[in-house]
Amino acid sequence: KNWGASSSLMHEIARDTFDAERFYVVTRLMWEGMENQRPAAWKIVFKALTLLEFLVKNGAERCVDDARNHGHVLRALGQFNYYEGTIDRGLG
């Protein structure tokens, strides 16, 4: 299944990180998605991680710094798990 955003949308979000005000909005929403560790919300966590990876590769340099500053959130996700039946959807 395709749970992700289109590449054109991802590039537009990455461009937004070069503007300080938009960077704050984008990253605030992204980190809120990752910090929402309600197991049933695994798709939100997955999408937020996918966006973070894209921003680190294609966004402003401050995205890398922001990821480093939120290392504690990323480490906590190493313990995240959620099972749908017998399928592990949130393997950390």
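Since we're looking at a predicted model, the values are computed, not measured. Numbering of residues starts from 1 in each chain and follows the order in which that chain's sequence is written. Per-residue local features of the predicted model are confined to residues with pLDDT of at least 70, and side-chain atom pairs are confined, for both listing and counting, to 80 or more; whole-chain, interface and lining totals are unaffected and use all residues. Side-chain numbers here rest on the full set of heavy atoms in the structure, without hydrogens or water.

### Points about the overall build of the chain
Here's step 1: Numbering of helices and strands starts at the N terminus; helices are DSSP runs of H or I of at least 4 residues and strands are runs of E of at least 2. Helix and strand counts for the chain stand at five helices and two strands.
Here's step 2: Listing every helix and strand of the chain by position from the N terminus yields α-α-α-α-α-β-β.
Here's step 3: What the globule rule says is 2.2 Å times the number of residues to the power 0.38, and the radius of gyration is computed from C-alpha atoms. For 92 residues, the compact-globule formula gives about 12 Å, and the C-alpha radius of gyration of the chain, at 14 Å, lands near that figure.
Here's step 4: If you line up the chain on its principal axes, its C-alpha atoms span 45 × 30 × 20 Å.
Here's step 5: Burial statistics for the chain: of 92 residues in total, 34% are counted as buried. A 1.4 Å probe rolled over the protein chains alone gives each residue an accessible area, and that area as a share of the maximum for its type sets the label: buried under 20%, exposed over 50%, partly exposed in between.

### Topic: the environment of Glu-12
Here's step 1: Note that Glu-12 resides in helix H1 (residues 7-16).
Here's step 2: Each C-alpha atom, one on Glu-12 and one on Gly-59, is 9.6 Å from the other, the two residues being 47 residues apart in sequence.

### Quick look at a nonpolar patch on the surface
Here's step 1: Together, Tyr-24, Val-25 and Leu-29 make up an exposed nonpolar region whose accessible area comes to about 300 Å².
Here's step 2: Of note, Val-25 is situated in helix H2 (residues 20-35).
Here's step 3: A relative accessible area of 37% means that Val-25 is categorised as partly exposed. Nonpolar side chains (Val, Leu, Ile, Met, Phe, Trp, Tyr) are joined into patches within 5 Å and like charges within 9 Å, using only residues with over 30% relative accessible area and no salt bridge. Surface accessibility follows the Shrake-Rupley procedure with a 1.4 Å probe radius. Residue values consider only the protein chains on display as shielding. In what follows, salt bridge is the name for a side-chain nitrogen of Lys or Arg lying within 4 Å of a carboxyl oxygen of Asp or Glu.

### What about the confidence of the model for the chain?
Here's step 1: For every residue, the predictor assigns a confidence score, pLDDT, that lies between 0 and 100. Overall, the predicted model of the chain reaches an average pLDDT of 88, with 92% of residues at or above 70.
Here's step 2: Across the chain, helix H4 (residues 61-69) holds the top mean pLDDT of 97, while strand E2 (residues 87-88) sits lowest at 77.

### Remarks on the packing of aromatic side chains
Here's step 1: Aromatic rings from Phe, Tyr and Trp, taking only the six-membered ring of Trp, are treated as a pair when their centres fall within 6.5 Å; an angle between ring planes under 30 degrees marks them as stacked, one over 60 as edge-to-face, and anything in between as tilted. Under the defined criterion, the tally for this structure stands at zero aromatic pairs.
Here's step 2: Over the ring of Phe-23 we find Arg-62; its NZ or CZ atom is 5.2 Å from the centre of that ring. Charges are assigned to positions over rings by a cutoff of 6 Å between ring centre and Lys NZ or Arg CZ, combined with an angular limit of 35 degrees from the ring normal.

### A look at the nonpolar core
Here's step 1: Think of a nonpolar core as a cluster: buried Ala, Val, Leu, Ile, Met, Phe, Trp, Tyr and Cys residues, connected wherever their side-chain atoms sit within 4.5 Å. With 20 residues, the main nonpolar core has Met-30, Trp-31, Met-34, Leu-51, Leu-52 and Leu-55 as its most contacted residues.
Here's step 2: No other element matches helix H3 (residues 42-58), which puts seven residues into this core.
Here's step 3: Contact between two residues is taken to exist if any of their heavy atoms lie within 4.5 Å; hydrogens are not considered. Leave out the neighbours within four places in its chain, and Met-30 touches Ala-48, Leu-51, Leu-52 and Leu-55.

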